[in-house]
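# Observations on the model geometry
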Amino acid sequence: MTTSSPPGVIIRPSVAEDAEAIQTLIEGFVERQLLLERTIDELRGLTRFGFIAEDQGQVVGFCAVEIYSRKLAEIQCLAVADSHQGKGIGRRLVQGCIRLAKAHNILELMAISSSDAFLKECGFDYSLPNQKRALFMHPASLEDEE
């Protein structure tokens, strides 16, 4: 699947060899605490079910699906270079991930983001509004209790 959006930008399936370019792309997002830091090995793993946006051979976007089970998968590592935002690239990357999840018969696709509005525009919503929310903790930051 190769598509253009906008002119000159190609959306294509990612491959393991894209991992270093993806890491470079996400560095600024990690510094701004918008994305989690990923090792090269983690990024290589994500490329199995991911999509790249390229502009003249330069990686300007990435998004992947992590499949946990047939019941649940998660959109991961969505990033579009600041210079290419607002041009529909993120939406096309997410659409590729949605199609991939559908092709794998995934029952529920979740996304965790600081941009609820964007995800809602892509068709995501709270599964049970006002009833359930995901809660997180960082076990490594806790002091040991004995």
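Please read all numbers here as calculations on a predicted model, not as lab measurements.

Between its first and last C-alpha, helix α1 (residues 19-31) extends 18 Å over 13 residues, near the 18 Å set by a 1.5 Å rise per residue. By the largest-angle criterion, leucine 25 marks the main kink of α1, which is about 35°. Among the residues of α1, Ala19, Ile22, Leu25, Ile26 and Phe29 are the ones counted as buried. Turning to α1, the residues buried within the fold contact α2 (40-47), β3 (50-55), β4 (58-67) and β5 (72-80). Once α1 ends, the next one or two residues include glutamine 33, with phi positive near 60°.

Glancing now at helix α3 (residues 89-103). Compared with an ideal rise of 1.5 Å per residue, which puts 15 residues at 21 Å, α3 spans 21 Å between its outermost C-alpha atoms and is within 8% of the ideal. Just beyond α3, the residue with positive phi is asparagine 105, at close to 55°.

Before going further, it helps to spend a moment on the packing of aromatic side chains. Evaluated as defined, the whole model comprises zero aromatic pairs. One residue, arginine 32, lies across the ring of phenylalanine 29, its end atom 4.8 Å from the ring centre.

Counted residue by residue, β3 has six buried out of six residues, so it is predominantly covered. Every second residue of β3 is oriented toward a common face, with Gly50, Ile52 and Glu54 on one face and Phe51, Ala53 and Asp55 on the other, all of them buried. Strand direction decides the pairing type here: strand β2 (residues 9-13) and β3, joined by five bridges, are antiparallel. Counted as the bridge partner of valine 9 is aspartate 55 from β3. Relative to β4, β3 runs antiparallel, the two sharing six bridges.

Another point: unusual backbone geometry. Negative phi is the rule for most residues except glycine; trans is the rule for most peptide bonds. You will see that glutamine 33, though not glycine, has its phi angle at about 60°, which is positive. Here glutamine 33 lies in the loop between α1 and α2. On the basis of relative accessible area, glutamine 33 is assigned to the exposed category, the value being 71%. The phi dihedral of glutamine 56 falls on the positive side, at around 50°, and the residue is not glycine. Here glutamine 56 is to be found in the loop between β3 and β4. By relative accessible area, glutamine 56 is classed as exposed at 78%.

With that out of the way, let us pick up the nonpolar core. One finds Phe62, Val65 and Leu93 to be the most contacted residues of the largest nonpolar core, which totals 38 residues. Only β2, α1, α2, β3, β4, β5 and α3 provide two or more residues apiece to this core.

In this structure, alanine 111 sits in strand β6 (residues 108-111). With a relative accessible area of 26%, alanine 111 lands in the partly exposed category. Taking C-alpha positions, alanine 111 is 10.0 Å from tyrosine 126, a pair spaced 15 residues apart along the chain. Residues within four places of alanine 111 in sequence aside, it is in contact with Ile75, Leu119 and Phe124.

Here we take up the side chain of glutamine 76. Mapping glutamine 76 onto the fold places it in strand β5. There is a polar contact of 3.5 Å between the side chain of glutamine 76 and the side chain of glutamate 66.

Basis of the calculations
- Residues numbered from 1 in each chain as written.
- Predicted model: local features only at pLDDT ≥ 70, side-chain atom pairs only at ≥ 80, totals over all residues.
- Heavy atoms only, no water.
- Helix = DSSP H or I, 4+ residues; strand = E, 2+ residues; numbered from the N terminus.
- Expected span 1.5 Å × (residues − 1).
- Bend = angle between axes of the 7 residues up to and from the residue.
- Buried < 20%, exposed > 50% of the residue type's maximum accessible area, 1.4 Å probe, protein only.
- Contact = heavy atoms within 4.5 Å.
- Phe/Tyr/Trp six-rings, centres within 6.5 Å; stacked < 30°, edge-to-face > 60°.
- Lys NZ or Arg CZ within 6 Å of the ring centre and 35° of its normal.
- Pairing = 2+ DSSP bridges.
- Core = buried A, V, L, I, M, F, W, Y, C linked by side-chain atoms within 4.5 Å.
- Polar contact = N/O pair within 3.5 Å; in protein donor to acceptor, adjacent residues only side chain to side chain.

As far as function goes, none of this settles anything; it's purely spatial.
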